[in-house]
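# Structural description and commentary
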Amino acid sequence: MTDTVFPGTLDASAGTEQGAAERKAAARTAKQANKRSASTKRRISRVALTVLLIVVSFVMALPFVWMFLTSVRSSPEIFSSDMPMWPAEWHWENFTVALERAPFGIYARNSFIIAVVHTISNLVFGSMAGYALAKIRFKGSSVIFGFILASMMIPFYAIVIPEFLMIRFVPFAGGNDLFGQGGTGWYDTWWALLIPGLVSPFNIFLFRQFFISTPTELMEAARIDGASEARTFVQIMAPLIRPGMLTVALLAFEAGWNNFLWPLLVTSSTNLRTIQLGLSVFRQEAGTEFNLLMAGTTMAAVPMIVMFFFFQKQFVNGFVGSGLK
Amino acid sequence: MSTNTVDRQTLSTTRRRRTPTLTQRQGRWGLLFAAPATVQIALWTGLPVLVSIILSFTNYDMLNPPEFLGFDNYVTLANDPVFWKALGNNFIMAIVGIPISILISLALAVMLNQGLRGNSIFRTAVFLPHVTATVAIAMIWLWIYSPGGNGLFNIVLGFFGVPNQAFLASPSQALPSVILVTIWQGIGLKMMIYLASLQGIDQQLYEAADIDGASAVQKFFRITIPMLKPVTFFILVTSIVGNFQTFDLIYNLTNGGPANSTTVITYQIYQTAFQQFRMGLATAQSVVLLIVLVVLTIFSRRITGGKDD
């Protein structure tokens, strides 16, 4: 509107001195009006954008909301022909019932142990190797680095069968003889759950990247001061990459907690089941009682969700940064 | 010139005489630091790859010693319609699911990059599926897709008068239903990666475009999109690699069914090895998977000219 009114005024008053002043004033008002309309336009588009984002977040979060709402529904409500969207009554006892039907406490404990052990081992062995590859010149370092890079390309599903066979045929374990015959090896033991995942090549690679950007002068200064290589690493260099440590710790913990296929293959007893495997087995147990299944699912999902809320930034940096590097 | 070389020679010999103790000591420590992880990976990744390749040429059931077959397993696979079906399903999942989730995540990232209020809540909601265990996600969607009248989707469809759908129980709807879950689960990470690289674009490019009077649409297609090309390629490749490793979702949602309509290569490996105990044939399948993924990764590294540091 303002655009169409002002040009005419400008034309009419053109030429005279007074006109020039008027023109300036008019141009100023036009500019302001334009700015105002542009800002309202922007505000409208921002509101529209916000609304759109709210809708998208709602859709993305809906499955989790639905999971939770279902976990507190009564069994008759689950099976009734017109189930209300919002539960009529909140049946928190679904959680205790689910816990009675399946030992989710043991499952969670097992997953927690695996996640913690793998987190620590990845931090220790991964940072040591990453440090050596980034900061120390030694014979064979490029061969080792090439080997680590190649290992990163290997999908787990391509080596899962030999890994299973190795567990099964560990000599002198689980009744096996020297040649791994006669018994069950490490099958259905803690060793099987813990040993193969101690270090991932990817975490070594990450640590190498973190260490590359640390100042070598500090290392040399520590050496000149007479610190041993081990002490230089533990007291000087490792503390420099604390944020990186947290990133790897979160990635390793998440991988440990969410792992499914490997525990599925190498365990058979209830006492060694992990939380995800336990949940998958519980599905057969719960059958169509989806309120109980969702209670179990909530228990399996919530720890990771809580951790994500606490370490959101580090999680995102870990997943995104590790992908981009 | 000649004096120079002499100088350099004497210099290097003196240095060589002085340094060995330090380099040697360092070298020993380097090896010591790298050894535990290297041995672990050699044992649990390197060795299994070799064993996989060797076993793929044999007939092996874990009870009797492996029996050499030559290429028989690969010939069997080439003539196995279910294996081709699994490869095809992986292919369909990739070709349908990945472009859709890339487009959605790009759109969301651009919106988020406007710096609106409530950004972090929104990011959390979109990223949450990525952090949650796939088994838990499968359970949730199993319930959402429930073919009875109480599945969320059937409730919603009921509002519009659409009769109950079978979804995961229907041979024609199962694969699209699975793909929808992979899209929902995959958006978060892609969006975050896009967001990170959007924030890395030099603002001066946009300022220069503003001076030239470019519109928002022009800026998007002439600056944003070209600048995001490398990261899009990266997302594409990692998504394809990830897609070929889908297992938890299939195992818990559909068991590859109905009628193999959702089976994938990893699920075939699992079934052949751990339900039928045909270890030789299963390792042949896993070698095929290995070749597909390694070729893809090397090919993509070539294209991006990406060095790893």
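Note that the coordinates shown come from a computational prediction; the quantities given were computed from them, not determined experimentally. (Residues numbered from 1 in each chain as written. Chains lettered and ligands numbered in written order. Predicted model: local features only at pLDDT ≥ 70, side-chain atom pairs only at ≥ 80, totals over all residues.)

### With respect to the overall build of chain B
Per the secondary structure count, chain B includes 14 helices and two strands. Its C-alpha atoms give chain B principal-axis dimensions of roughly 95 × 75 × 30 Å. For chain B, the proportion of its 309 residues judged to be buried stands at 39%. Taking all contacts inside chain B whose residues are at least 6 apart in sequence as the whole, residues at least 24 apart take part in 67%. (Helix = DSSP H or I, 4+ residues; strand = E, 2+ residues; numbered from the N terminus. Buried ≥ 20, exposed ≤ 12 C-beta atoms within 10 Å, placed from the backbone. Contact = placed C-beta atoms within 7 Å.)

### Points about the UniProt feature "transmembrane region" (unreviewed entry) in chain B
Residues and elements named next belong to chain B. Per the UniProt record, "transmembrane region" (unreviewed entry) is found at residues 31-57, 91-112, 124-144, 174-196, 231-251 and 279-299. The span residues 91-112 carries 100% helix and 0% strand; its end-to-end C-alpha distance comes to 31 Å. As a span, residues 124-144 carries 90% helix and 0% strand, and end to end its C-alpha atoms are 21 Å apart. (UniProt positions renumbered as here; feature names shortened; annotations may be inferred.)

### Here's the deal with helix α6 (residues 134-144) of chain B
The element α6 of chain B is largely enclosed, with a buried count of 11 among its 11 residues. Those residues of α6 of chain B lying buried are Thr 134, Val 135, Ala 136, Ile 137, Ala 138, Met 139, Ile 140, Trp 141, Leu 142, Trp 143 and Ile 144 of chain B.

### Overview of the interface of chain B and chain A
Each partner contributes residues to the interface: chain B has 71 residues there, and chain A has 76 residues. It is helix α2 (residues 20-55) of chain B that provides the largest number of residues to the side of chain B that touches chain A, a total of 20 residues.

### What about the UniProt feature "transmembrane region" (unreviewed entry) in chain A?
All names here are of chain A. As recorded in UniProt, the sites labelled "transmembrane region" (unreviewed entry) are residues 47-69, 112-133, 145-170, 190-211 and 290-311. Along residues 47-69 one finds 100% helix and 0% strand; the C-alpha atoms at either end are 30 Å apart. Span residues 145-170 is 85% helix and 0% strand, its end C-alpha atoms 28 Å apart.

### Overview of the UniProt feature "domain: ABC transmembrane type-1" (unreviewed entry) in chain B
The UniProt feature table records "domain: ABC transmembrane type-1" (unreviewed entry) at residues 87-300 of chain B. Each end of residues 87-300 of chain B is marked by a C-alpha atom, and these two atoms are 20 Å apart; helix forms 74% of the span and strand 0%.

### Things to note about the domain arrangement of chain A
All names here are of chain A. Examined at the domain level, chain A breaks down into domain 1 (2-71) and domain 2 (95-324). With four residues of domain 1 at the interface, the matching set in domain 2 holds six residues. In the side of domain 1 that touches domain 2, the residues fall into two nonpolar, two polar and no charged. (Domains from an automatic or database assignment. Nonpolar A, V, L, I, M, F, W, Y, C, P; charged D, E, K, R; others polar.)

### Let's talk about the packing of helix α10 (residues 216-224) of chain A against helix α11 (residues 229-237) of chain A
All names here are of chain A. Two elements in contact, α10 and α11, have axes whose closest approach is 10 Å; the angle formed by their N-to-C orientations is 130 degrees. With respect to α11, the element α10 is oriented oblique. Taken as a pair, α10 and α11 cross one another with a handedness that is right-handed. Residue-level inspection shows Leu 218, Met 219, Ala 222 and Arg 223 of α10 in contact with α11, the latter providing Thr 232, Ile 236 and Met 237. Here the contact of α10 with α11 is composed, by residue class, of five nonpolar, one polar and one charged. (Axes fitted to C-alpha atoms, helices over the stretch in contact; angles between N-to-C directions. Parallel < 35°, antiparallel > 145°, perpendicular 65-115°, else oblique. Left-handed = near helix turned anticlockwise from the far one by under 90°.)

### A short note on the nonpolar core
Counting 156 residues, the largest nonpolar core has Ala 129 and Tyr 131 of chain A together with Ala 136, Met 139, Trp 141 and Met 192 of chain B as its most contacted members. The element that contributes the greatest number of residues to this core is helix α8 (residues 174-199) of chain B, accounting for 13 residues. For this core, the domains that each give at least three residues are domain 1 (2-71) and domain 2 (95-324) of chain A. In contact with Met 192 of chain B, not counting residues within four places along its chain, are Val 316, Phe 319 and Val 320 of chain A together with Phe 127 of chain B. (Core = buried A, V, L, I, M, F, W, Y, C linked by C-beta atoms within 7 Å.)

### Overview of unusual backbone geometry
Residue and element names in this part refer to chain B. In this structure, Pro 258 follows Gly 257 across a cis peptide bond, with omega equal to -10 degrees. By the secondary structure assignment, Pro 258 is in the loop between α12 (248-253) and α13 (265-274). The backbone of Ala 259 sits at a positive phi, close to 55 degrees, despite the residue not being glycine. In this structure, Ala 259 sits in the loop between α12 and α13. Taking the number of C-beta atoms within 10 Å as the measure of exposure, Ala 259 has 10 and is therefore exposed.

### Overview of helix α6 (residues 141-153) of chain A
All names here are of chain A. End to end, α6 covers 19 Å across 13 residues, agreeing with the expected 18 Å (1.5 Å per residue, within 8%). For α6, the set of buried residues is Ile 144, Phe 145, Ile 148 and Ser 151. One side of α6 holds all its buried residues, which, seen down the axis, span an arc of 120 degrees. For α6, exposure combined with an orientation more than 90 degrees from the buried face picks out Ser 142, Val 143 and Gly 146. (Expected span 1.5 Å × (residues − 1). Arc of directions from axis to C-beta.)

### Topic: the packing of helix α4 (residues 81-112) of chain B against α13 of chain B
All names here are of chain B. Where α4 contacts α13, the two axes come as close as 8 Å, and the packing angle between them is 145 degrees. Across the interface between the two elements, Val 82, Phe 83, Ala 86, Leu 87 and Asn 90 from α4 touch Ile 265, Tyr 267 and Gln 268 from α13. In the contact of α4 with α13, the residues fall into six nonpolar, two polar and no charged.

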